[in-house]
Amino acid sequence: MRLLLSWLALTAALWAAGPEKTVEVKLEGKALGTSTGALHVDLPASFTYSLKGASTLESWSADERVSLKITVMPIPPKLAPKTKQQLEDLLRAGTEKFVPESVEGKAVPFVLNQANGLGLAATFTDKSEVGKPTPKGREHYKLLTSAFVRVGEAFAIATLLSDDASSADHKAALKAIEGLRVAK
């Protein structure tokens, strides 16, 4: 009977909470004073964030064990990657510095479920952090996921730091990247 009452109480609490709300943030890239595209990102309401100028967002989960940084890059539209292969080449070149210190020993790109464009990412496991206890706060993350995204005329680079790719906060941050959309 206690188990049933506990389950009912939990179900009622989850139902009352409803879906998690998001915070919408606008980021804009500029090259030579001209906009190279603006994007909206929806963050989980539980994440805190700060803006660095108009083009960079830094965000953290409540326990600060997931960190997300998104920058809309000032690349003229005609030079921004347009195909999956161009994006993959850029991703590999941009992440090669992480390869020597990673467990993977190479970039393994994967396609993001990008709702409004094209996105690729690669995750690297830090060899020096494997097997160590998870600290509190913003330091010594075990995983680095680097994502390169093209949405409309805008190009963004996202860096997701965490300890566990299967954690709810990691998945929520990845969903924020996949949900990038053109700002109106």
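Analysis parameters
Residues numbered from 1 in each chain as written. Predicted model: local features only at pLDDT ≥ 70, side-chain atom pairs only at ≥ 80, totals over all residues. Heavy atoms only, no water. Pairing = 2+ DSSP bridges. Helix = DSSP H or I, 4+ residues; strand = E, 2+ residues; numbered from the N terminus. Contact = heavy atoms within 4.5 Å. Axes fitted to C-alpha atoms, helices over the stretch in contact; angles between N-to-C directions. Salt bridge = Lys/Arg side-chain N within 4 Å of Asp/Glu carboxyl O. Buried < 20%, exposed > 50% of the residue type's maximum accessible area, 1.4 Å probe, protein only. Polar contact = N/O pair within 3.5 Å; in protein donor to acceptor, adjacent residues only side chain to side chain. Core = buried A, V, L, I, M, F, W, Y, C linked by side-chain atoms within 4.5 Å.

Undergrad: Any details on the sheet that holds strand β5 (residues 67–73)? Residues and values, ideally.
TA: Taken together, the seven strands give an open sheet; going across it, the order is β3-β4-β5-β9-β8-β7-β6, and neighbouring strands pair in antiparallel fashion. Edge positions in the open sheet fall to β3 (48–52) and β6 (110–111), since each of these has one partner strand only. The sheet contact formed by strand β7 (residues 118–125) and strand β8 (residues 143–151) spans eight bridges and is antiparallel. Bridging from a neighbouring strand, T123 pairs with T145 of β8. Helix-sheet contacts for helix α3 (residues 168–178) involve β5, β8 and β9 (154–162), and the interaxial angle to β9 is about 175 degrees.

Undergrad: Account for unusual backbone geometry, with residues named and values stated.
TA: Positioned with a positive phi, E64 is a non-glycine residue whose angle comes to about 60 degrees. By secondary structure assignment, the location of E64 is in the loop between β4 (56–60) and β5.

Undergrad: So what's going on with the pattern of salt bridges? Which residues, and what values?
TA: Under the defined criterion, the tally for this structure stands at six salt bridges. We note a salt bridge from E58 to K69, for which the minimum N-O separation is 4.0 Å. Of this pair, E58 sits in strand β4 while K69 is found in strand β5, placing the two residues 11 residues apart along the sequence. E64 is paired through a salt bridge with R138; the nearest N and O atoms lie 3.1 Å apart. With a gap of 74 residues between them, E64 in the loop between β4 and β5 and R138 in the loop between β7 and β8 connect regions that are remote in the sequence. Its relative accessible area of 44% is what places R138 among the partly exposed residues.

Undergrad: Provide a residue-level description of the side chain of R65, including the pertinent values.
TA: Considering the arrangement of structural elements, one finds R65 in the loop between β4 and β5. Polar side-chain contacts of R65 include one of 3.4 Å to the backbone oxygen of H140. Setting aside residues up to four positions removed in sequence, R65 forms contacts with T134, P135, K136, G137, R138, E139, H140, Y141, L161, S162 and D163.

Undergrad: So what's going on with the pairing of β3? Which residues, and what values?
TA: One ladder, built from five bridges, connects β3 with β4; its direction is antiparallel. Within the sheet, the bridge partner assigned to L51 lies in β4 and is L57. Hairpin connection between β3 and β4: a loop of three residues separates the two successive antiparallel strands, and G53 in this loop has a positive phi of roughly 70 degrees.

Undergrad: Explain the nonpolar core to me, and be specific about the residues and the numbers.
TA: Counting residues in each nonpolar core, the largest one holds 25 residues, and the members touching the most others are V41, L68, I70, I177 and L180. Looking at this core, the elements that each hand over two or more residues are β1 (22–31), β2 (34–44), β5, β8, β9 and α3. Discounting residues that sit within four places of it in the chain, I70 has contacts with L27, V41, S55, T56, L57, A156, I157, A158, I177 and L180. If you look at the next biggest cluster of nonpolar residues, it comprises 11 residues, including V99, A107, A122 and L144.

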